[in-house]
Amino acid sequence: MGRFLALVVVLLALAGCFAARTPPHAETPAGRWYVVGQGETLAEIAAKAGLPAEDVLELNGLERREQVTPGMLLFLIEGRPAG
């Protein structure tokens, strides 16, 4: 009986290590999809969306501004529109 109780305690302790936690941010942030137009720059897109250009890159898994090309689909989180 003592071994069984010890096993139950260990299993409960381990289960606590894997308990579901609330993510630090929403899994699906509020935002919209945007198609990059011919001649548009990341700076222009970010300014229109009210976001730092670095945030747009990070959110879309990009590392460099040069990776943003016409026809590309970007996800833009809700920001404060400039203007």
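In what follows, the structure referred to is the one given above.
Treat the numbers as computed from the prediction; the structure is a model and nothing was measured.

This part covers the pattern of salt bridges. A side chain of one charge can pair with a side chain of the opposite charge when the charged atoms of the two come close. Going through the model one piece at a time under the given rule, you end up with three salt bridges. In this structure, the salt-bridge partner of Glu66 is Arg64, at a minimum N-O distance of 3.8 Å. Since its relative accessible area comes to 59%, Glu66 is described here as exposed. By relative accessible area, which is 47% here, Arg64 ends up partly exposed.

Moving on: the nonpolar core. By size, the foremost hydrophobic cluster in this structure holds 14 residues, and its most contacted members are Leu42, Ile45, Val56, Val68, Leu74 and Leu76. With four residues, the top contributor of residues to this core is helix 2 (residues 42-49). Beyond its immediate chain neighbours, meaning those up to four positions away, Val68 contacts Val36, Leu42, Ile45, Leu57, Leu62 and Leu74.

What follows is about helix 2. The set of residues buried in helix 2 consists of Leu42, Ile45, Ala46 and Ala49. The arc that holds the buried residues of helix 2, viewed along the axis, is 95 degrees, so those residues lie on one side. Along its buried surface, helix 2 packs onto strand 1 (31-35), helix 3 (53-59) and strand 2 (73-77). Positive backbone phi, approximately 75 degrees, marks Gly50, located one or two places after helix 2.

Cut-offs used in this document
- Residues numbered from 1 in each chain as written.
- Predicted model: local features only at pLDDT ≥ 70, side-chain atom pairs only at ≥ 80, totals over all residues.
- Heavy atoms only, no water.
- Salt bridge = Lys/Arg side-chain N within 4 Å of Asp/Glu carboxyl O.
- Buried < 20%, exposed > 50% of the residue type's maximum accessible area, 1.4 Å probe, protein only.
- Core = buried A, V, L, I, M, F, W, Y, C linked by side-chain atoms within 4.5 Å.
- Helix = DSSP H or I, 4+ residues; strand = E, 2+ residues; numbered from the N terminus.
- Contact = heavy atoms within 4.5 Å.
- Arc of directions from axis to C-beta.

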